[in-house]
Amino acid sequence: MGYSNQFFSAIGINTKKDLAFFSKKSFIPIERLKYYNDFNLVPSGQDLTKIVSILNITNIELKIRMGRLDAEIAHLLQNNIDQLSDILDKSKTPLQKESRKLQAKFKTRLGKLYQADCLDFLQTIESDSIDLVFADPPFNLNKLYPSKIDDQIKAEKYIQWSEQWLYECIRVLAPGGALFIWNLPKWNTILSNYIGNYLNFRNWIGVDIKYSLPIQGRLYPSHYSLLYFVKGDKPKVFHPDRLPMQTCPKCVSELKNYGGYKNKMNPNGISLTDVWLDIPPVRHAKHKRRIGSNELSLKLLDRIIEMASDEGDLILDPFGGSGTTYMAAELKKRRWIGCEVGPVGDIIDRFSLKDEERELLKRYRGGINSLFPIDVRKKRETFGLWTCETL
Ligand SMILES: C[S@@+](CC[C@H](N)C(=O)[O-])C[C@H]1O[C@@H](n2cnc3c(N)ncnc32)[C@H](O)[C@@H]1O
């Protein structure tokens, strides 16, 4: 299935016969026309000249027909808004859906879980009421979720849908609140652009977890993108954890050479950067909370929640999955709210394993916010290596 169909629609190709005809007329090979269509890419060079002259349209018109709205088009619209307002008045504004009252499927003292489509659910939330939003939507990679949602739709549909739920997440975010979006770089480059219309960009965090097998002729995809935006010029809360110095697992000597700077190192650890190398994938069956993939590590949510919220704050996740965000929020004494369109039994069951999860979280947190975790420090002392205490 093609990734998109906007280019063919823009140039009036509806059938294989149309395609063959256009290719013959333009001398552009069918394969290349298909490539523009599959990736919805605006042709350039001679291909562009040929296409616009056959259609007798301008480059700008082609881009608009393809839905590729760049700065040139934005400028044009800005300068002609008086003429456009007539059309805009007549165009249909989507009717605000009647917001149904939803019944929570599960409650704790701190949180509420709904079984619902995120768009219905988000409409029930008050504007400016959420302190932190974390969203890990389906990636449109044709995965099979327990909810059996269609995870292989046209790119333009996926982006349109993403903008809808993102708009709602942005609406409900409180001033100073933080929005984190977990996705593949391919989608987050596009979504980042959209979110940037409303919120203040803070970071693109690269989280090093291999997410697919190597593909010939491509770089091995090794990081997920975690977008971090805030509402307003600065975050209400920002206390990132500090990480331990990387040491050799066997001889505990430092892996990087800090040279003459070691006595300037903060004993609480190294500043968090926008590249996270220490987030484990959830592969081990013992730690999996539901069958299938797409479950995030508690460690990831712990770090995000710690960085951008305080105890008592309200956290929203509109794509519940196995409930990692809700569990992390609960253990960290934050209030939480969320929904999942598919079965929610696995999330509810997960809360009966709260003590196990608490232990896991304790283990993660024991290894951070000090330059050397206790076990490493003890080993370094035995091996006669420097520690913060000996400097
Ligand atoms: C990538 S998973 C989230 C995994 C979660 N972060 C975790 O760690 O377990 C995405 C989830 O979103 C759910 N989903 C898909 N479309 C949805 C929609 N329209 N509304 C609510 N949930 C949806 C899927 O069923 C799937 O469980």
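Residues numbered from 1 in each chain as written. Predicted model: local features only at pLDDT ≥ 70, side-chain atom pairs only at ≥ 80, totals over all residues. Heavy atoms only, no water.

**Student:** Please set out the pattern of salt bridges residue by residue, giving values where relevant.
**Tutor:** Counted under the stated rule, the structure contains 22 salt bridges. Between Glu330 and Lys354 there is a salt bridge; the shortest N-O distance is 3.7 Å. Of this pair, Glu330 sits in helix α12 (residues 324-331) while Lys354 is found in helix α14 (residues 354-366), placing the two residues 24 residues apart along the sequence. Since its relative accessible area comes to 10%, Glu330 is described here as buried. The salt bridge involving Arg377 is made with Glu381; its shortest N-O contact spans 3.6 Å. Taken as a pair, Arg377 and Glu381 lie in helix α15 (residues 374-382) at a separation of four residues, close to a single helical turn. (Salt bridge = Lys/Arg side-chain N within 4 Å of Asp/Glu carboxyl O. Helix = DSSP H or I, 4+ residues; strand = E, 2+ residues; numbered from the N terminus. Buried < 20%, exposed > 50% of the residue type's maximum accessible area, 1.4 Å probe, protein only.)

**Student:** Please set out the domain arrangement of the protein chain residue by residue, giving values where relevant.
**Tutor:** Interfaces are often sized by the amount of accessible area the parts lose when they come together. Along its sequence, the protein chain is organised into domain 1 (6-90) and domain 2 (106-238 + 270-366). With centres defined by C-alpha atoms, the gap from domain 1 to domain 2 works out at 35 Å. (Domains from an automatic or database assignment.)

**Student:** Lay out the pairing of strand β5 (residues 200-208) in plain terms, naming residues and giving numbers.
**Tutor:** As defined by bridge partners, β5 adjoins strand β6 (residues 223-230) across eight bridges and the pair is classed as antiparallel. Paired with Asp208 across the two strands is His223, which belongs to β6. (Pairing = 2+ DSSP bridges.)

**Student:** Quick one: what's the story with the side chain of Asp136, residue by residue and with numbers?
**Tutor:** Relative to the assigned elements, Asp136 resides in the loop between β3 (130-135) and α9 (155-172). On the accessibility criterion, Asp136 (16% relative accessible area) is buried. When residues no more than four places from it in sequence are discounted, the contact partners of Asp136 are Trp182, Asn294, Leu296 and Phe319. (Contact = heavy atoms within 4.5 Å.)

**Student:** Could you give an account of a nonpolar patch on the surface, naming the residues involved and the relevant values?
**Tutor:** Residues Tyr35, Phe39 and Leu41 make up a contiguous nonpolar surface patch of about 260 Å² in total accessible area. Mapped onto the secondary structure, Phe39 falls in helix α3 (residues 30-39). (Patch = residues over 30% accessible without salt bridge, like charges linked within 9 Å, V, L, I, M, F, W, Y side chains within 5 Å. Areas by Shrake-Rupley, 256 points an atom, 1.4 Å probe, with all protein chains shown as cover.)

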